[in-house]
Amino acid sequence: MAANLARTQYGIELTQVGSDAHAKLTRLAMALARSVAVHPTATTGRAADQVDANTLERNARNAPDDDLIPRAH
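These figures come from a predicted structure and were not determined experimentally.

## Looking at the overall build of the protein
Turning to step 1, where the next piece is worked out: In terms of regular secondary structure, the protein is built from four helices and zero strands.
Turning to step 2, where the next piece is worked out: Moving toward the C terminus, one meets the helices and strands of the protein in the order α-α-α-α.
Turning to step 3, where the next piece is worked out: Residues counted as buried form 11% of the 73 residues belonging to the protein.
Turning to step 4, where the next piece is worked out: Partitioning the intrachain contacts of the protein with sequence separation of at least 6 by distance along the chain shows that 30% fall at a separation of at least 24.
Turning to step 5, where the next piece is worked out: Carbon and sulfur atoms form 59% of the exposed surface of the protein, whose accessible area is close to 6,100 Å².

Next comes the structure, spelled out in structure tokens:
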């Protein structure tokens, strides 16, 4: 899909702006770009989940009686 998108973008550069071919290639490029894109939720997770994870980690690091968390002395 990414290679097809690159070829389509190259084709857009070669065609005359305003022509039917340019319009078709532009629509195709937009469709390919949507299919190639990875939604941020798929890679990093939900923002609320990340906030919860950060809070848990911060609380664990600040716990004075936990010897399993490495600390700088």
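Don't stop here, the text continues.
## Examining helix H2 (residues 20–36)
Turning to step 1, where the next piece is worked out: With 17 residues, H2 should reach 24 Å at 1.5 Å per residue; the first-to-last C-alpha distance of 24 Å fits that figure.
Turning to step 2, where the next piece is worked out: On its buried side, H2 packs onto helix H1 (2–14).

## Observations regarding the confidence of the model for the protein
Turning to step 1, where the next piece is worked out: Summing up the model confidence of the protein, the mean pLDDT is 82 and the portion of residues at 70 or higher is 81%.
Turning to step 2, where the next piece is worked out: Here helix H3 (residues 40–44) is the element of the protein with the lowest mean pLDDT, 62, and H1 is the one with the highest, 92.

The rules behind these values
- Residues numbered from 1 in each chain as written.
- Predicted model: local features only at pLDDT ≥ 70, side-chain atom pairs only at ≥ 80, totals over all residues.
- Heavy atoms only, no water.
- Helix = DSSP H or I, 4+ residues; strand = E, 2+ residues; numbered from the N terminus.
- Buried < 20%, exposed > 50% of the residue type's maximum accessible area, 1.4 Å probe, protein only.
- Contact = heavy atoms within 4.5 Å.
- Areas by Shrake-Rupley, 256 points an atom, 1.4 Å probe, with all protein chains shown as cover.
- Expected span 1.5 Å × (residues − 1).
- pLDDT = per-residue confidence, 0-100.

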